[in-house]
Amino acid sequence: MVLDVALTLLASGFAAALGLGAAMLWLSTRLALLAHPNARSSHARPTPTGGGVMFALPVLAYLAWLAWLGSVPAAGLAAAGAALTVTGFWDDARELPAWSRLLVQLAAAAAVVGTVMPQAGGLLMLAVAVAVAWHINLYNFMDGIDGIAATQALVFVLGAQIVAGGLPGWSGDLSWLAAGGLVAFLAYNWPPARMFMGDAGSGFLGLLTAGLAVLWWQQQALPLTCSLILLAWFWFDATSTLIVRAVTGQAFTQAHRSHLYQKLAAKRGHLWTTVCLLLYAVLWLLPLAWLCAVTRPRSLLLDLAWVAAAAIPLALAAWRFRAGIPDRDHHRTASL
């Protein structure tokens, strides 16, 4: 019975997103909603963007229905997700000031934390809200090559189901629905991509993955440490690269192409890098997250050890490929 529900939700998410994707591809080309190459991007020609609405809309519709039925956490996720999707799509069509995007991200993070963990202390809520806002932002940083952002989100929602042995309630159903939509999006975004998700999709996925991680933590359905393990590539690459750029005196707020994933893509290509993320997740992160989930008793020190173990391959790769340090060729080109 549970399997039937999961397959139905997967198929529903896939079918709805696939249809919306065809509509978005048609609309993007006719409205000239295109992502043009810039200093941060890793593509060489204008490509239709804004495709993130194809997986965001089915999820938002389901959350809105749950909110109408009276679920306060679903209402928070629906309102925050809708705000980020609309703002992101607007930014894809007509670039918005950075401060306005940041305000929406902070408000979205506060809405999710306030509805998902209302009984928590003020300092804890503030810390989690800042972390959620950072995760929304870093998801935009990491959506720079074909397939990578959708693959990371898919790894998380499916990996969480596996590690938890099936997630209960509407949030578990939501993860199956989202997985179907992400698979459909990858049909358009798998290297070489025919369409990008844009800020409409990256901001939404950053919120959705962080929001579900906090919700499952609060419900005691999945330890927060397990979610951090499954999301390790994105938060480690974005955070460590930012730290390296700041420590080495670079203008770390400016666009760049020195993330680990960008370095790998420049050397080996988008497909190779995205497949590396998938293999790293399946062969390393998923077993670690499962071991973390079944290990008892829990302690902060042990949780930190699990997270550190998840990040070790990334740390070695970041050191090997000098993540955060501009390539000499790129530096000379930018100076000309």
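Residues numbered from 1 in each chain as written. Predicted model: local features only at pLDDT ≥ 70, side-chain atom pairs only at ≥ 80, totals over all residues. Heavy atoms only, no water.

K.L.:
Looking at this structure, I do not really get the overall build of the protein chain. What am I missing?
P.N.:
Looking only at helices and strands, one finds 14 helices and 2 strands in the protein chain. The C-alpha radius of gyration computed for the protein chain amounts to 19 Å, which stays within 12% of the reference 20 Å derived for 336 residues, consistent with globular compactness. With respect to the three principal axes, the spread of C-alpha positions in the protein chain is 60 × 50 × 35 Å. Considering only residue pairs separated by 6 or more positions, the protein chain has 77% of its internal contacts joining residues 24 or more positions apart. Surface summary for the protein chain: the accessible area is close to 15,500 Å², and the carbon and sulfur share equals 70%. (Helix = DSSP H or I, 4+ residues; strand = E, 2+ residues; numbered from the N terminus. Rg over C-alpha atoms; globule rule 2.2 N^0.38 Å. Contact = heavy atoms within 4.5 Å. Areas by Shrake-Rupley, 256 points an atom, 1.4 Å probe, with all protein chains shown as cover.)

K.L.:
Please explain the packing of helix α1 (residues 2–30) against helix α7 (residues 169–189) as it appears in this structure.
P.N.:
How two helices sit against one another is set out by the angle between their axes and by the gap between those axes. Running from N to C, α1 and α7 point in directions that differ by 40°, and their axes come no closer than 7 Å. With respect to α7, the element α1 is oriented oblique. Crossing of α1 over α7 shows right-handed handedness. Here α1 contributes V5, A6, L9, L10, S12, G13, F14, A17, L18, G21, A22 and L25 to the contact with α7, which in turn contributes D173, W176, L177, A179, G180, G181, V183, A184 and Y188. (Axes fitted to C-alpha atoms, helices over the stretch in contact; angles between N-to-C directions. Parallel < 35°, antiparallel > 145°, perpendicular 65-115°, else oblique. Left-handed = near helix turned anticlockwise from the far one by under 90°.)

K.L.:
Help me understand a nonpolar patch on the surface, please; the structure alone is not making it clear to me.
P.N.:
A cluster of nonpolar side chains, contributed by W190, L271, V275, L278, L279, V282 and L283, occupies part of the molecular surface with about 590 Å² of accessible area. With respect to the secondary-structure elements, L283 resides in helix α12 (residues 270–294). Classification of L283 as exposed rests on a relative accessible area of 62%. (Patch = residues over 30% accessible without salt bridge, like charges linked within 9 Å, V, L, I, M, F, W, Y side chains within 5 Å. Salt bridge = Lys/Arg side-chain N within 4 Å of Asp/Glu carboxyl O. Buried < 20%, exposed > 50% of the residue type's maximum accessible area, 1.4 Å probe, protein only.)

K.L.:
How should I be thinking about helix α6 (residues 148–164) in this particular structure?
P.N.:
Side chains that are three or four residues apart share a direction in an α-helix, a result of its 3.6 residues per turn. Compared with the 24 Å implied by 1.5 Å per residue over 17 residues, the 24 Å span of α6 between its first and last C-alpha is a close match. Of all the 17 residues making up α6, 14 are buried; the element is thus mostly covered by neighbouring parts of the structure. Looking at the residues trailing α6, positive phi occurs at G165, about 70°. (Expected span 1.5 Å × (residues − 1).)

K.L.:
So what exactly am I meant to see when it comes to the packing of aromatic side chains here?
P.N.:
Aromatic rings considered in pairs are described by the distance between their centres and by the relative angle of their planes. Tallied over the entire structure, the rule returns 8 aromatic pairs. Each ring, one from F55 and one from F204, has its centre 6.3 Å from the other, and the planes form 40°; the classification is tilted. Taken together, the residues span a long stretch of sequence, with F55 in helix α2 (residues 53–69) and F204 in helix α8 (residues 198–218) at a distance of 149 residues. Residue F55 is classed as buried on the basis of its relative accessible area, which comes to 3%. Overall, the relative accessible area of 2% leaves F204 in the buried class. Aromatic side chains Y139 and F234 sit 4.7 Å apart centroid to centroid with 55° between the ring planes, which places their arrangement in the tilted category. In this pair, Y139 is assigned in helix α5 (residues 122–142) and F234 in helix α10 (residues 232–247), connecting sequence segments 95 residues apart. The pair Y139 / F234 is uniform in exposure class, with both members buried. (Phe/Tyr/Trp six-rings, centres within 6.5 Å; stacked < 30°, edge-to-face > 60°.)

K.L.:
Honestly, α7 in this entry has me stumped. Any pointers?
P.N.:
Between its terminal C-alpha atoms α7 stretches 30 Å, which fits the 30 Å expected from 21 residues at 1.5 Å a residue. The buried count for α7 comes to 16 of 21 residues, which makes it a mostly enclosed element.

K.L.:
Any chance you could explain the confidence of the model for the protein chain here in plain terms?
P.N.:
Caution applies to low-pLDDT parts of the model: their predicted coordinates are not meant to be read in detail. Scored by pLDDT, the protein chain has a mean of 92; 95% of the residues are at 70 or more. Note that pLDDT drops below 50 for residues 330–336; the model gives that stretch 1 contact with residues more than four away or on any other chain. (pLDDT = per-residue confidence, 0-100.)

K.L.:
Mind showing me how you'd approach the pattern of salt bridges here?
P.N.:
Opposite charge on two side chains permits them to pair, given that their charged atoms come into close proximity. Enumeration according to the criterion identifies 3 salt bridges in this entry. When the shortest N-O distance is used, the salt bridge between D91 and R101 registers 3.6 Å. Linking D91 in helix α3 (residues 72–93) with R101 in helix α4 (residues 98–116), this pair joins segments that are 10 residues apart in sequence. Taking the relative accessible area as the measure of exposure, D91 reaches 10% and is therefore buried. One salt bridge connects D327 with K263, and the closest N-O pair in it is separated by 2.8 Å. Within this pair, whereas D327 is found in the loop between α13 (300–320) and α14 (328–335), its partner K263 is found in helix α11 (residues 260–268), the two being separated by 64 residues in sequence. The exposure class assigned to K263 is buried, which follows from its relative accessible area of 3%.

K.L.:
So what exactly am I meant to see when it comes to the nonpolar core here?
P.N.:
F55, L63, V132, W170 and W233 are the most contacted members of the largest nonpolar core, which has 96 residues in total. The element best represented in this core is α8, accounting for 11 residues. When sequence neighbours within four positions are dropped, the list of residues in contact with F55 reads A17, G181, L182, F185, M197, G201, F204 and L205. (Core = buried A, V, L, I, M, F, W, Y, C linked by side-chain atoms within 4.5 Å.)

K.L.:
Would you take a moment to explain the side chain of S71 for this structure?
P.N.:
Position of S71 among the secondary structure elements: in the loop between α2 and α3. There is a polar contact of 3.3 Å between the side chain of S71 and the backbone nitrogen of A74. Not counting residues up to four positions away in its chain, the partners in contact with S71 are L66 and W170. (Polar contact = N/O pair within 3.5 Å; in protein donor to acceptor, adjacent residues only side chain to side chain.)

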